Amino acid sequence: MKTMLAIISNALCRMTGRNAGAQTVSEGARVVVSRSFADFTPQATFDIKKCDLHRLEEGPPLKAELTRDQGLQYYRTMQTVRRMELKADQLYKQKIIRGFCHLYDGQEACAAGIEASINPTDHLITAYRAHGYTYTRGVSIKEILAELTGRKGGVAKGKGGSMHMYAPHFYGGNGIVGAQVPLGAGIALACQYQGNDQLCVTLYGDGAANQGQLFESFNMAALWKLPCIFICENNKYGMGTSVERASASTDYYKRGDFIPGIRVDGMDVLCVREATKFAADHCRSGKGPIIMELQTYRYHGHSMSDPGVSYRTREEIQEVRTKSDPISMLKERMLSNNMASVEEFKEIDVDIRKQVEEAAQFATSDPEPPLEDLCNHIFCNNPPLEVRGTNPWSKLKSVSKT
Amino acid sequence: MAASLRCFLRSGKVTVTVRDALNQAMDEELERDERVFLMGEEVAQYDGAYKVSRGLWKKYGDKRIIDTPISEVRRRHAGLRPICEFMTFNFSMQAIDQVINSAAKTCYMSAGLQAVPIVFRGPNGASAGVAAQHSQCFAAWYAHCPGLKVVSPWNSEDAKGLLKSAIRDDNPVVFLENELLYGVPFEMSEEAQSKDFTIPIGKAKVERAGTHVTLVSHSRYVGYCLDAAAVLTKEGIECEVINLRTIRPMDVESIEASLMKTNHLVTVEGGWPQFGVGAEICARIMEGPAFNYLDSPVTRVTGVDIPMPYAKILEDHSLPQIKDIIFSVKKTLNV
């Protein structure tokens, strides 16, 4: 139908001699008549779900504005994360990735929405389901996949693996459930100490929400009014335990007690964006911490060793995929508002597939880290030291490059 | 009086308690680098549970000296250089996951991208009458882990010089103090009084030269070893006393050099024997060139392998006494 309209529209352009403007006709669009950009709606306003509020008089707005460029960017980000995670799934099944691998597909709107509303100079820390955030915080697909496959081209030179990837203003990637939350509060303390108007986004899951150290962090963050956005990504299951079986209260946005909270539709990137903007303003204005609960869903099991169907039904997973997929939702919104064409999305998909494929190629062909690297980076800015190997005659060298 | 005054003027030495030495170290480093700050229970308005941070809050204020709620200190501080005080290291067990998994391992896991320039300090080991849950020595626990530096000062110069080095180090340092030493005055040389005085982490010090036996110790028991040496010298036994100063990385070379001279080695520590500092020294000596110089097996003098009892007589017998060191030296020398 849309292609039909495109053909008619362009034919009309030619007939009326209307200047269609600069066009780039890509490979994939050669056989299809592409529409001029002047035909697309540059900006539209969408209704978004109202957020439940805790200790707040007002919440995020009920409407979100989206420009064409933003929409395409969010789409690209989410689709990249999706394809990257699916590629990781494939590589894991081929045994090229080993150990832990916790995939993020289904939750893309969270990472994309958050990044859309904070600055690159803000800080972010999360738990082990971290590949999406590693990407949105600036690490290339290549470096992420190569870290998963344990190669020297990985972002942590193959030393960290899935749960230990880092970037400027991104503190991983943390394996111990809940441990990242006190760290995040500490980063917020540093922001306050340095008076740099930055904030820290500290993420955790519905499982970690029952950890004691979170409540210690809430106490200190509220006491000292730290610029910290605590975000609970509630994907309904802590490993194989549903939220109803784990938590006396599943209102995670209220668990901060004296800290105000918002419950957000985590499958809608615009909802996440508006809520995060609201939260960021709250923090930056000196009001102290705030909690966001993002209601989201993961398609994969807890990790690659979990098929994910012994504690939930396939029907449930399928229902979320068909009714609430974050990428489909955004795409449909844009298409039905004439903000982009099907071909454009296809082009983006093709481009992303190509990038992910190239990254996977790199990740499978790049050599493993050299053995000389085994003992390096135990310390930072340290003179070289000797490290005991597996036996007394094995004396290994450790250097720390800055 | 006049004699000591003359001595003072001649040598420039002053007497400083360990507490004041630690205080001076922190004061100087807080002044030198505004990224340094201190946090812990009661460090600010209370002047420190053991008064180690006395006066610092008045001087530097709320921003640099932070009272924390009872919540063992565990924070990542992007770009800052925190000193985290544990009221005692027994409480550090609550935060030990952060010390090991978030602090110690991070530089390695990130291949050098993420440094953790943090100092964890506080009293370690037995005190007096504080019973089982407040008396454990954590030297062996922390020294087991790569990615940490573990320091254990004895006297005031150690305390000041090593704490300054620890604060300036870009890596996580576990700084094990001793509550019973806080109030003990030691001489401090003129050099040590300077604001730039630091002692390198990873180097031991020979506190007393000797020829018959090497005594290796850390923290409070260095003093006990010197006392034992003073008694033994009357019987013609000359002990060389080594103050480890750093547990990890351990200066094994200094121990070996001494052992190759004396042919006998006795380790002295307050911690439990199994998997402890002395055990590590034994293993390292066996693996190195000094083994062939041993005329008898290494002897370990340690705390008794029990939780610390409360009653004074029991507590006294749970830890090495000077007579235990003397006894062990004589057994080692077979005299």
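Throughout, residues of each chain are indexed from 1 in the direction in which the sequence is written. Key to labels: chains lettered from A, ligands numbered from 1, both in the order written. Confidence filtering applies because this is a predicted model: local features only for residues at pLDDT of at least 70, side-chain atom pairs given and counted only at 80 or more, and all residues used for totals across whole chains, interfaces and linings. Side-chain measures were taken over the full set of non-hydrogen atoms in the model, leaving aside hydrogen atoms and water.

## Focus: the overall build of chain A
Link 1 in the chain: Helix and strand counts for chain A stand at 12 helices and 12 strands.
Link 2 in the chain: A compact globule built from 402 residues should have a C-alpha radius of gyration of about 21 Å, and chain A, at 23 Å, falls within 12% of that.
Link 3 in the chain: Its C-alpha atoms give chain A principal-axis dimensions of about 85 × 55 × 45 Å.
Link 4 in the chain: When contacts within chain A are restricted to residue pairs at least 6 apart in sequence, those whose partners lie at least 24 apart make up 70%.
Link 5 in the chain: Of the roughly 17,800 Å² of accessible surface on chain A, a fraction of 53% belongs to carbon and sulfur atoms. Secondary structure elements follow DSSP: runs of H or I of four or more residues count as helices, runs of E of two or more count as strands, with numbering from the N terminus. We take the radius of gyration over the C-alpha atoms and set the globule estimate at 2.2 Å times the residue count to the 0.38 power. Residue contacts are defined here by distance: any two heavy atoms, one from each residue, within 4.5 Å place the two residues in contact. Exposure was quantified through the Shrake-Rupley algorithm and a 1.4 Å probe, taking into account, for residues, occlusion by the shown protein chains and nothing else.

## Focus on the sheet that holds strand E10 (residues 213-217) of chain B
Residue and element names in this part refer to chain B.
Link 1 in the chain: Spatially, 5 strands are ordered E9-E11-E10-E13-E14 in an open sheet, and the strand pairing comes out mixed. Edge positions in the sheet fall to strand E9 (205-208) and strand E14 (299-301), since each of these pairs with one other strand and no more. Pairs of neighbouring strands in the sheet enclose a mean axial angle of 25°, with direction left out of account.
Link 2 in the chain: When DSSP finds two or more bridges between two strands, those strands count as paired. As defined by bridge partners, E10 adjoins strand E11 (residues 239-243) across 5 bridges and the pair is classed as parallel. Bridge pairing in E11 links Thr214 to Glu240.
Link 3 in the chain: With axes taken as lines fitted to C-alpha atoms, and helix axes fitted only over the stretch in contact, angles between N-to-C directions fall between 0 and 180 degrees. Together, E10, E11 and strand E13 (265-268) form the strand contacts of helix H9 (residues 252-262), whose direction differs from that of E11 by roughly 175°.

## Concerning the side chain of A:Asn382
Link 1 in the chain: Relative to the helices and strands, A:Asn382 is located in the loop between helix H12 (342-365) and strand E11 (385-388).
Link 2 in the chain: For A:Asn382, a relative accessible area of 16% translates into the label buried.
Link 3 in the chain: In this structure, A:Asn382 is in contact with A:Ser400, B:Lys149, B:Asp169 and B:Asn171, ignoring residues within four places of it in sequence. Remark: exposure states derive from per-residue accessible area (1.4 Å probe, protein chains only) relative to the maximum for the residue type, with buried under 20%, exposed over 50%, and partly exposed in between.

## Thoughts on the UniProt feature "domain: Dehydrogenase E1 component" (unreviewed entry) in chain A
Link 1 in the chain: UniProt positions are given in the numbering used here, feature names are shortened, and annotations may be inferred rather than shown by experiment. In this structure's numbering, the residues bearing the UniProt feature "domain: Dehydrogenase E1 component" (unreviewed entry) are residues 77-371 of chain A.
Link 2 in the chain: When the span residues 77-371 of chain A is considered, its composition is 45% helix and 11% strand, and the gap between its end C-alpha atoms is 36 Å.

## Section: the confidence of the model for chain B
Link 1 in the chain: Think of pLDDT as the predictor's per-residue confidence, scored from 0 to 100. Taken residue by residue, chain B gives an average pLDDT of 93. The fraction at 70 or more is 94%.
Link 2 in the chain: For this predicted complex, the interface confidence reaches an ipTM of 0.87, while the overall pTM sits at 0.89.

## Observations concerning the domain arrangement of chain B
Residues and elements named next belong to chain B.
Link 1 in the chain: Taken domain by domain, chain B comprises domain 1 (14-193) and domain 2 (205-333).
Link 2 in the chain: These domain boundaries are the output of an automatic or database domain assignment. Averaged C-alpha coordinates put domain 1 and domain 2 at centres separated by 26 Å.
Link 3 in the chain: Contacts between the two partners involve 28 residues from domain 1 and, on the opposite side, 23 residues from domain 2.
Link 4 in the chain: Two parts placed together each lose some accessible area under a 1.4 Å probe, and the buried area is that loss summed for both. Taking both partners together, domain 1 and domain 2 bury about 2,000 Å²; carbon and sulfur atoms supply 59% of that area.
Link 5 in the chain: We define a salt bridge as a contact between a side-chain nitrogen of Lys or Arg and a carboxyl oxygen of Asp or Glu at a distance within 4 Å. For the pair domain 1 and domain 2, the interface holds 1 salt bridge.
Link 6 in the chain: One salt bridge connects Asp158 with Arg245, and the closest N-O pair in it is separated by 2.7 Å.
Link 7 in the chain: Between N or O atoms, a polar contact is any pair within 3.5 Å; within protein, one atom must be a potential hydrogen donor and the other a potential acceptor, and residues adjacent in sequence are included only when both atoms are from side chains. Our enumeration of links across domain 1 and domain 2 arrives at 11 residue pairs in polar contact (both at pLDDT 80 or more).

## Some thoughts on the pattern of salt bridges
Link 1 in the chain: Applying the stated criterion across every chain yields a total of 43 salt bridges over all chains.
Link 2 in the chain: For A:Asp122, the salt bridge identified is with A:Arg284, shortest N-O distance 2.8 Å. With a gap of 162 residues between them, A:Asp122 in the loop between helix H3 (108-117) and strand E4 (123-125) and A:Arg284 in helix H9 (residues 269-284) connect regions that are remote in the sequence.
Link 3 in the chain: Of the residues examined, A:Arg284 reaches a relative accessible area of 25% and is grouped as partly exposed.
Link 4 in the chain: Residue B:Glu235 pairs with B:Lys330 through a salt bridge whose shortest N-O separation is 2.8 Å. Of this pair, B:Glu235 sits in the loop between helix H8 (220-233) and E11 while B:Lys330 sits in helix H12 (residues 322-333), and the two are 95 residues apart along the sequence.

## So, the packing of aromatic side chains
Link 1 in the chain: Within 6.5 Å between ring centres, the rings of Phe, Tyr and Trp (the latter by its six-membered ring) count as paired, and their orientation is classed by plane angle as stacked under 30 degrees, edge-to-face over 60, tilted in between. Per the counting criterion, the structure on display carries 16 aromatic pairs over all chains.
Link 2 in the chain: Ring centres of A:Tyr204 and A:Phe218 lie 6.5 Å apart, and the angle between their planes is 55°; on these two criteria the pair is classed as tilted. Residue A:Tyr204 is found in strand E5 (residues 200-205), and its partner A:Phe218 is found in helix H7 (residues 212-223); the two are separated by 14 residues along the sequence. The same class applies to A:Tyr204 as to A:Phe218, namely buried.
Link 3 in the chain: Taken together, B:Phe86, B:Phe89, B:Phe120, B:Phe138, B:Trp141 and B:Tyr142 form an aromatic cluster joined through their ring pairs.
Link 4 in the chain: By definition, being over a ring means that NZ of Lys or CZ of Arg is both within 6 Å of the ring centre and within 35 degrees of the ring normal. In this structure, A:Arg321 packs its charged tip against the face of A:Tyr299, placed 4.1 Å from the ring centre.
Link 5 in the chain: One residue, B:Lys149, lies across the ring of A:Phe379, its end atom 4.6 Å from the ring centre.

## A word on the pairing of strand E5 (residues 119-123) of chain B
All names here are of chain B.
Link 1 in the chain: Among the 5 residues in E5, 5 count as buried, and that is most of the element.
Link 2 in the chain: Bridge analysis of strand E4 (residues 81-85) against E5 gives 3 bridges, and the strand direction is parallel. Of the residues in E5, the one forming a bridge with Ile83 is Val119.

## Section: the domain arrangement of chain A
Link 1 in the chain: For chain A, the assigned domains are domain 1 (43-369) and domain 2 (371-401).
Link 2 in the chain: Relative to domain 2 of chain A, the C-alpha centre of domain 1 of chain A lies at a distance of 36 Å.

## A short note on helix H2 (residues 18-32) of chain B
Side chains three or four residues apart in an α-helix point the same way, a direct result of the helix having 3.6 residues per turn.
Link 1 in the chain: By definition here, a helix of n residues has an expected span of 1.5 Å times n minus one. Here H2(B) spans 21 Å end to end across 15 residues, near enough to the 21 Å set by a 1.5 Å rise per residue.
Link 2 in the chain: Regarding H2(B), the residues found buried are B:Val18, B:Ala21, B:Leu22, B:Asn23, B:Ala25, B:Met26, B:Asp27, B:Glu28, B:Glu29 and B:Leu30.

## Concerning the state of the cysteines
Two cysteines form a disulfide when their sulfur atoms are joined by a covalent bond.
Link 1 in the chain: The definition used for a disulfide is geometric: two cysteine sulfur atoms within 2.5 Å. With the rule as written, the count across this model stands at 0 disulfides over all chains.
Link 2 in the chain: The thiol sulfur of B:Cys145 is not disulfide-bonded, and the nearest other cysteine sulfur, from B:Cys137, lies at 14 Å.

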